[in-house]
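# Report on the structure
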Amino acid sequence: MIRTKLTILAACIAATHSVAVSANDYPLMPGDPLVSHQWHLQNTGQAAFSDRGGKAGEDMNLSLTHALGILGTGVTAAVIDGAVELTHPDLRDNVRPGSWNFTTDTPDLVPGGPTDRHGTSVAGIIAASAFNGIGGRGIAPRAGIVGFNLISSGNYNTANWLQSHGMYSDGYNKHSFDFPRIFNQSYGRTMSAPDSFDYTVDPWLKTYEDAQEEITRTTHGGRGALFIKSAGNGYARQTFTDPRFGSGYLRFENNNHGLPLQNVNLEQMDTSFWNMVVSAYNADGQLSSYSTVGSAVFVSATGGQYGVYTPAMVTTDLTGCDAGYNPAYGRNDLHGGHPLDPNCDYGARFNGTSSAAPSAAGAIALIMSANPALSWQDVRHILASTARQIDPDNAGVALSFETAQGDTVSYKAIDAWQTNAAGYAFHNFYGFGAVDVDAAVNMARFYDQQLGQFTQTERFAVTANSAIPDGDINGVSSTYQSTEVMTVDAIQVRVNIDHTSTRDLAIELISPSGTRSVIMTPRTGTILGQNGMENTQMLTHHFYGEQAQGEWTLRVIDTAAQDEFYVFDPRAAGAPNVNMVHRNNSDNGLLKSWDIRFIGRK
């Protein structure tokens, strides 16, 4: 039966890289009492201790990989997070040397208190043990784990960042480090306005980028490593401080026109090619309501919802009923003690793109375990080639707005699934799609492709000095004629724009083949984001496999000519909401200049 399914699977993948291949009729192997509730491993429509279940088949599709005994052996993942309870009964067998506690400056990585729980849940999604008769299991249940409490330690400085991300001055061997091939980063920022990506202004950006490039390209005998990063949880809400009213969050009366308040391209490190950004989908096979999106998303993975009405993730928690998520996260049948978890060592309400990143990390561990000779480029290519086109009927988001002339027009701010000139399907919600483990592992096992030499160009500058007309769907365009002979993996663009309301702006990049990528969605950020853009960097994977040579067009569109109404909700208990209006700017903006960098293969 296994041989038959593999033959069918290989034939399907050979036919087209975007086909969805399912092995969900092949049951998960028993041995862990909670595994039947882990919808992300195999979705049968189970409720996962919430009120209702999701849609059968919407999962990581890994049952055949596990049945073949491919479980992550030989691959270590670093959890860069809060503390990780490495003595947890479902994690301790997979712990490898090298964890570090930045609070105590020792290798004794212990939670800083009963709420220092996040990293333990992340680690369980990647590599909780299998077949030991307790709890659930990880996506790669025999992969190794090391942990770094960078976030919860309070010592978030450059030296600690570099150490947790693999940079050691003495040949990467400090503290007997078991060097990872995967670095999971389930953290990030929700930005309210565009930021600058300029090494002269922020030299630490170059330090971080250089470090991640070195680890990615040079470790493990040149096979390298991968940095996985959560996209963020800012689609529907942004929390920030308004100097007039204090801390709170913003709600638009029109629900922000259905568009995300946060775009991944606002977060500087999400625009780095060396971070593989992952969005989240839920048990219904749709974008998780919170997940930040944008053209820098590479793939999507399981994150779930909140574990009350619909499933979140069943994973490891701090041990004991008085620690971790158990005391505070009620309204879920697993929490607070259950016959399948009498000691409260697990939870069923972990969610967010904090869950999606380790889901992808665990999948990558399986891919690397299936074929240890794969390079970092090979793994990225396999993921892009085998990702499943999830939520295929998703129409994207069309924005209706009034022009300066008083006409009502519609602008496609987020496209439906689009297939580029190289044949790769892409969606700003999901990147190349949902990670499909069985398809990716099958491709990895029989991999024989030569991708060519990795290449990243200089930044090619374009002076535009062109007006951005207010409330005009045609916007302004500027072009660059590329002579680069290479295959594109990704493109970075930086823009310099004068504008008093960056929320109004949509920014597109159009390839010589006519593929359009919306690299900055309109209505992104808050009313505080009125300072234009200065060397604001954006990354897109939409052109994967296309050729760099030819004319590239940057288009900037002002999509508003009317006022906006919103509500500021103070976080202080009992404080009244503040109804506010954001007056439209009627002046034209100015696209001063932009630059473009091609990243890919020759």
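Rules used throughout
- Residues numbered from 1 in each chain as written.
- Predicted model: local features only at pLDDT ≥ 70, side-chain atom pairs only at ≥ 80, totals over all residues.
- Heavy atoms only, no water.
- Helix = DSSP H or I, 4+ residues; strand = E, 2+ residues; numbered from the N terminus.
- Buried < 20%, exposed > 50% of the residue type's maximum accessible area, 1.4 Å probe, protein only.
- Contact = heavy atoms within 4.5 Å.
- Areas by Shrake-Rupley, 256 points an atom, 1.4 Å probe, with all protein chains shown as cover.
- Lys, Arg positive; Asp, Glu negative; His and termini not counted.
- Charge placed at Lys NZ, Arg CZ, Asp CG, Glu CD.
- Pairing = 2+ DSSP bridges.
- Phe/Tyr/Trp six-rings, centres within 6.5 Å; stacked < 30°, edge-to-face > 60°.
- Lys NZ or Arg CZ within 6 Å of the ring centre and 35° of its normal.
- Salt bridge = Lys/Arg side-chain N within 4 Å of Asp/Glu carboxyl O.
- Axes fitted to C-alpha atoms, helices over the stretch in contact; angles between N-to-C directions.
- pLDDT = per-residue confidence, 0-100.

### Section: the overall build of the chain
A count of helical and extended segments in the chain gives eight helices and 25 strands. Its C-alpha atoms give the chain principal-axis dimensions of about 70 × 60 × 50 Å. A burial count over the chain gives 63% of its 602 residues as buried. Contacts in the chain between residues at least 24 apart in sequence constitute 77% of all its contacts with a sequence separation of at least 6. Roughly 20,700 Å² of accessible area belongs to the chain as shown, and the carbon and sulfur atoms make up 48% of that amount. Across the chain, 37 positive and 57 negative side-chain charges occur, with their mean positions spaced 3 Å apart.

### Quick word on the pairing of strand S20 (residues 516-520)
Along S20, five of the five residues are buried, which leaves the element largely enclosed by surrounding structure. The pairing of strand S19 (residues 505-510) with S20 spans four bridges and is classified as antiparallel. Of the residues in S20, the one forming a bridge with Glu508 is Val518. The antiparallel hairpin formed by S19 and S20 contains five residues in its connecting segment, where Gly514 sits at a positive phi of about 95°.

### Describing the packing of aromatic side chains
Considering all chains together, one arrives at 26 aromatic pairs under this definition. Taken together, a centroid distance of 5.1 Å and an interplanar angle of 90° make the contact between Phe543 and Trp552 edge-to-face. Here a set of aromatic residues connected by ring pairs shows up, and it is made of Phe298, Tyr424, Phe426, Phe432 and Tyr544. In this arrangement the basic side chain of Arg380 is found over the ring face of Phe273, its NZ or CZ atom lying 4.2 Å from the centre.

### Thoughts on the pattern of salt bridges
Under the counting rule described, the total for this entry stands at 14 salt bridges. For Asp32, the salt bridge identified is with Arg137, shortest N-O distance 2.8 Å. Linking Asp32 in the loop between helix H1 (2-15) and helix H2 (63-67) with Arg137 in the loop between helix H3 (118-127) and strand S2 (144-148), this pair joins segments that are 105 residues apart in sequence. A residue is classified by how much of its surface remains accessible, and Asp32, at 4% relative accessible area, is buried. For Arg523, the salt bridge identified is with Glu564, shortest N-O distance 3.4 Å. With a gap of 41 residues between them, Arg523 in the loop between S20 and strand S21 (533-540) and Glu564 in strand S23 (residues 564-570) connect regions that are remote in the sequence. In terms of burial, Arg523 and Glu564 fall into one category: buried. Residues joined in a network through salt bridges with shared partners are Asp415, Glu508, Arg516 and Arg555.

### Observations concerning the sheet that holds strand S1 (residues 76-80)
Read across the open sheet, the six strands follow the order S2-S1-S3-S4-S7-S8; overall the sheet is parallel. Whereas interior strands pair on both sides, the edge strands pair on one side only; in this sheet they are S2 and strand S8 (297-302). Geometrically, the sheet is characterised by an average inter-axis angle of 30° between neighbouring strands, direction not taken into account. With respect to the sheet, helix H7 (residues 376-386) is in contact with strand S4 (226-230), strand S7 (275-281) and S8, its orientation differing from that of S8 by roughly 70°.

### Re unusual backbone geometry
At Asn61, a residue that is not glycine, the phi angle is positive and equals roughly 55°. When you line up the elements, Asn61 lands in the loop between H1 and H2. Residue Asn61 is classed as buried on the basis of its relative accessible area of 3%. A positive phi angle, near 55°, is found at His220, a position not held by glycine.

### A few points about the confidence of the model for the chain
The predicted model of the chain has a mean per-residue pLDDT of 91, with 93% of residues at 70 or higher. Confidence drops under a pLDDT of 50 for residues 171-176, and excluding neighbours within four residues, the segment shows 16 contacts in the predicted structure.

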